[in-house]
Amino acid sequence: FYGVLEDYQAGKCDVLAVGREDTMMDLELLNMFCDEGLLYTNSLVLENPVAFPIRPDLSSGVSYWILQGEKYHDITLTNSKSDYAKTNRLMPKCNIELSDQSVEKN
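In what follows, the accompanying structure is described. Only a predicted model underlies this, so the values are computations on that prediction, with no experimental measurement involved.

## Focus: helix α4 (residues 56-73)
Okay, so step 1: If you check α4, its first and last C-alpha atoms are 26 Å apart, about what 18 residues at 1.5 Å a residue would give, namely 26 Å.
Okay, so step 2: Backbone geometry just downstream of α4 places Asp74 in the positive-phi region, at approximately 55°.

Structure, rendered in structure tokens:
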């Protein structure tokens, strides 16, 4: 993602669309986003489902427990990564979540 950010900094593109899941654990990159005034949004640009590699005989059981964790315990990969980042102080120097920004009213 550093190369993509370099292209953005060089003016080769006007928008930078990167996945939160792919970049949220890289503190150096997040701080570079801060320096550029870039934010994560909840806008969907592209959706590409990813599956865990698993043996066919285990897939239904794993799917069941993933659903149970999400539905009843709010356990998700995103939440786990966020908790890890907070616990280990992997917080960028700015708030890069647009949804967390306050909106000024005129």
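## Quick word on the pattern of salt bridges
Okay, so step 1: For the structure shown, the criterion picks out 4 salt bridges.
Okay, so step 2: Among the salt bridges present, the one from Arg20 reaches Glu97, with a minimum N-O distance of 2.8 Å. On the criterion of sequence distance, the pair formed by Arg20 in helix α2 (residues 20-23) and Glu97 in the segment after α5 (77-87) is long-range, its members being 77 residues apart.
Okay, so step 3: A salt bridge links Arg55 to Asp57; its shortest N-O distance comes to 3.2 Å.
Okay, so step 4: Judged by relative accessible area, which is 55%, Asp57 ranks as exposed.

The rules behind the values
- Residues numbered from 1 in each chain as written.
- Predicted model: local features only at pLDDT ≥ 70, side-chain atom pairs only at ≥ 80, totals over all residues.
- Heavy atoms only, no water.
- Helix = DSSP H or I, 4+ residues; strand = E, 2+ residues; numbered from the N terminus.
- Expected span 1.5 Å × (residues − 1).
- Salt bridge = Lys/Arg side-chain N within 4 Å of Asp/Glu carboxyl O.
- Buried < 20%, exposed > 50% of the residue type's maximum accessible area, 1.4 Å probe, protein only.

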